[in-house]
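The primary structure of each chain is shown beneath.
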Amino acid sequence: MFQKGLKDVVAVHTKIADVIGEKGELQYRGVQVGQLVTQYSFEQILYLLLNGQRPNQEQLQEVQSALLQNRTLPQHVQAIIDALPSEVSLMDAMRTGISAFCDRDFVRKTSNEQAIQLIAALPVIVARHYRNQQGLELIEPDANLNHTANYLWMLTGVSPTEVHVEALETYLKLTMEHGLNASTFAGRVTISTESDLTAAITSAIGTMKGPLHGGAPAGVIDLLNEIGSPENIQPVIEEKMRRGERIMGFGHRVYKTEDPRSVILRDKCLSMSGRDAWLDLATTAEKEIIRLLDKHKPGRKLYTNVEYYAAAIMRSIDMPTELFTPTFSVARIVGWAAHAIEQQQDNTIFRPQSVYVGAFSEKSC
Ligand SMILES: CC(C)(COP(=O)(O)OP(=O)(O)OC[C@H]1O[C@@H](n2cnc3c(N)ncnc32)[C@H](O)[C@@H]1OP(=O)(O)O)[C@@H](O)C(=O)NCCC(=O)NCCS
C-alpha cells in the first residue's frame, strides 16, 4: 500500500500524547491541554511527559535543580557556538550545539538525565547565538528564575514581566508535545537505528526548520503584514490561492476542526492587555481566511492551526521573528526526548519500502 507522506499510516503505538483530530482535542499522558495550561507548570509537564505521571514535590524539586545545573554549557559547546559566523541561522546553531554534546555518556542508552541536560541547554544555546549575532554581551543564567523566565532573561538581559512569562509559558506548554509530527518522527527514525539522543534531537531540529512545520509562525507575520488592513484580506488571499500558495497558519494533517491550541492561544491573546490594531486584524482575517479556504478548497476542512496565534503571542511579548522557530523547538524538545526514550523501550528500526518508478536500462547480454 502506498500512502504519499505516510498520510493516515499508523507507525507507532505511544503512551505520550493523543491528538484527536476530528474532535479537536489534545492530551498529554491522558490530561487535556486546557487543564495542563491552567494547573501545571512547564517543569511539571516536562516531568509528566518523561515519566507518565505528575511529579510530587520532591520529584519536582529534582527536575528544577537538574534544569538549573545544566544551564551552563560545557566549555567546548560554548566555544563552538561562539565560533559560528552571525550568518548561521539560530536553527542551524541549535543543531550544531546539540550535536556537540555527544560524548561517551550519550552513546549509551538514553536516560531522563540526558534528556533534561539537552532540554536545559537548548534555550541557552539559542540565547548565546542570538546575542552573538546581535553583537550583544552574553547574559549569565539567573538561578532565581524558572525555565521560561530564564530564557527571556538570557535573550534580553532585562527581567521579564509576569505577563510576558505567562504568555510565553502558555505557548510553550501547548507545543511541548504533539504525537508523531514530522520532527518527532525524524527523531524516532534516528534513534531506531540504535543511534543516540543527541543524533535524534539533531534530526528533529533539522526537520523543524522547514516552513511547513516550525517555520510557519514567521510566515503568519509576513502574511498579516502583506494584508495590512481588512479590505485587503480577500484580494491578498484570492491571489495566493490563484498562484497555488499555502496560507501560513492554516490547515493541519490531523486536526479537521479547530486546533485546540489555537483556541487557547487566541483567548490568551484577547485577554492580554494592550490589544491593538494588529490583533484585531488577525482575528478578523482568521474568520475571512477560513471562509475563503472553504470556498476554494471545499471539504478539506482547513482551520487555523497553532502557528497562527503563536505568531500573535510572540509579537505581544516582543519576540523577534527569527526567534519564533527556535522558541517552538525549546518547547518541543521535551516531546522529542520523550519519544526517543519510548522508541528505545520497544524498538524496531524504521525501514519502509519504496516502489521504483524510474527509467529501466537495457538488459546487458
Ligand atoms: C500543515 C499542512 C502541511 C498539512 O498538509 P497535509 O495534511 O499534507 O494536507 P494536504 O497538503 O494534503 O492538503 C489538502 C488540501 O488542502 C489544501 N491546503 C492545505 N493547507 C492549506 C493552506 N494552508 N493553504 C491553502 N491550501 C491548503 C491543499 O492544497 C490540498 O488541496 P488539494 O486537495 O486541492 O490538493 C498544510 O495544511 C500546510 O501546508 N499548511 C500551511 C503551513 C502551516 O501552517 N504549517 C504549520 C502546521 S502546525
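All residue numbers here refer to positions counted from 1 along the written sequence of the relevant chain. For a predicted model such as this one, the threshold for reporting local features is a pLDDT of at least 70, and the threshold for listing and counting side-chain atom pairs is 80 or more; totals across whole chains, interfaces and linings nevertheless cover every residue. Remark: hydrogens and water are excluded; side-chain values derive from all non-hydrogen atoms of the structure.

K.L.:
Would you mind going over the sheet that holds strand β1 (residues 17-20) with me for this structure?
P.N.:
Backbone-to-backbone hydrogen bonds pair the strands of a sheet. The strands run either parallel or antiparallel. A pair of strands is treated as paired once DSSP finds two or more bridges between them. Each helix corresponds to a stretch of at least 4 residues labelled H or I by DSSP, and each strand to a stretch of at least 2 residues labelled E; elements are numbered beginning at the N terminus. Judged by pairing direction, the sheet is antiparallel, and its three strands sit side by side in the order β1-β2-β3 without closing on themselves. The open sheet has two free edges, formed respectively by β1 and β3 (31-32), since each of these has just one partner strand. Looking at chain direction, strand β2 (residues 25-28) and β3 are connected through two bridges and run antiparallel. Bridge pairing links Y28 to V31 in β3.

K.L.:
Hey, could you run me through the domain arrangement of the chain in this one?
P.N.:
Reports often express the size of an interface as the amount of accessible area lost when the parts come together. Once the domains are mapped, the chain shows domain 1 (13-212 + 325-345) and domain 2 (216-316). Each domain span listed reflects an automatic or database assignment of domains. Centre-to-centre separation of domain 1 and domain 2, based on C-alpha positions: 26 Å. Taken together, both faces of the contact between domain 1 and domain 2 bury some 1800 Å²; the carbon and sulfur share is 70%. Each reported salt bridge corresponds to a side-chain nitrogen of Lys or Arg within 4 Å of a carboxyl oxygen of Asp or Glu. On the surface where domain 1 and domain 2 come into contact, there are one salt bridge. The shortest N-O distance in the salt bridge between E166 and K268 comes to 2.6 Å. Polar contact is the term for a pair of N or O atoms within 3.5 Å; when the atoms are in protein, one must be able to donate a hydrogen and the other to accept it, and sequence-neighboring residues count only if both atoms are side-chain atoms. Between domain 1 and domain 2 we count three residue pairs in polar contact (both at pLDDT 80 or more) in total. At the level of elements, β1, β2, α1 (33-39), α9 (162-175) and α17 (324-345) are the ones that each hand at least two residues to the side of domain 1 that touches domain 2. It is α9 that provides the largest number of residues to the side of domain 1 that touches domain 2, a total of eight residues. Polar here means any residue other than Ala, Val, Leu, Ile, Met, Phe, Trp, Tyr, Cys and Pro, which are nonpolar, and Asp, Glu, Lys and Arg, which are charged; Gly is therefore polar. Along the lines of polarity and charge, the residues of the side of domain 1 that touches domain 2 split into 12 nonpolar, eight polar and five charged. Note: buried area is the sum, over both parts, of the accessible area (probe 1.4 Å) each one loses when the two are combined.

K.L.:
I'm lost on the packing of helix α10 (residues 182-191) against helix α11 (residues 197-208) in this one. Help?
P.N.:
For any two helices packed against each other, one specifies the crossing angle of their axes together with the interaxial distance. Only the stretch in contact is used when fitting a helix axis, every axis being a line fitted to C-alpha atoms; angles between N-to-C directions are given from 0 to 180 degrees. Their axes nearest at 8 Å, the elements α10 and α11 cross at an angle of 150 degrees. By the criterion of interaxial angle, the relationship of α10 to α11 is roughly antiparallel. The interaxial crossing formed by α10 with α11 has right-handed handedness. Counting all contacts with α10, which are made through A182, S183, A186, G187, T190 and I191, the residues of α11 involved are L197, A199, A200, S203, A204, T207 and M208. For the contact of α10 with α11, the per-class residue count stands at eight nonpolar, five polar and no charged. Angle categories are assigned with fixed cut-offs, so that under 35 degrees is roughly parallel, over 145 is roughly antiparallel, 65 to 115 is roughly perpendicular, and the rest are oblique. The crossing is said to be left-handed when, going from far helix to near helix, the turn is anticlockwise and less than a right angle, and right-handed when the turn is clockwise. Here, two residues are considered to be in contact whenever any of their heavy atoms come within 4.5 Å of each other.

K.L.:
When you look at the pairing of β1 in this model, what are you seeing that I'm missing?
P.N.:
When a strand is regular, its side chains alternate between the sheet's two faces. Burial along β1 is one-sided: the face carrying A17 and V19 is buried and the face carrying D18 and I20 is not. Strand direction decides the pairing type here: β1 and β2, joined by four bridges, are antiparallel. Bridge pairing in β2 places A17 opposite Y28. Only protein chains enter the area calculation, which uses a 1.4 Å probe; residues under 20% of their type maximum are buried, those over 50% are exposed, and those in between are partly exposed.

K.L.:
Help me out: how do you make sense of the pattern of salt bridges in this one?
P.N.:
Any two side chains of opposite charge can pair, so long as their charged atoms come close to each other. Taken as a whole, this structure holds 15 salt bridges when the rule is applied. For the salt bridge of E245 with R243, the shortest nitrogen-to-oxygen distance reads 2.8 Å. Owing to a relative accessible area of 32%, E245 belongs among the partly exposed residues under this scheme. Residue E258 pairs with R266 through a salt bridge whose shortest N-O separation is 3.2 Å. The buried category is assigned to R266, whose relative accessible area is 16%. Shared partners join several salt bridges into a network, and the residues in it are E226, E239, K240, R242, R243 and E245.

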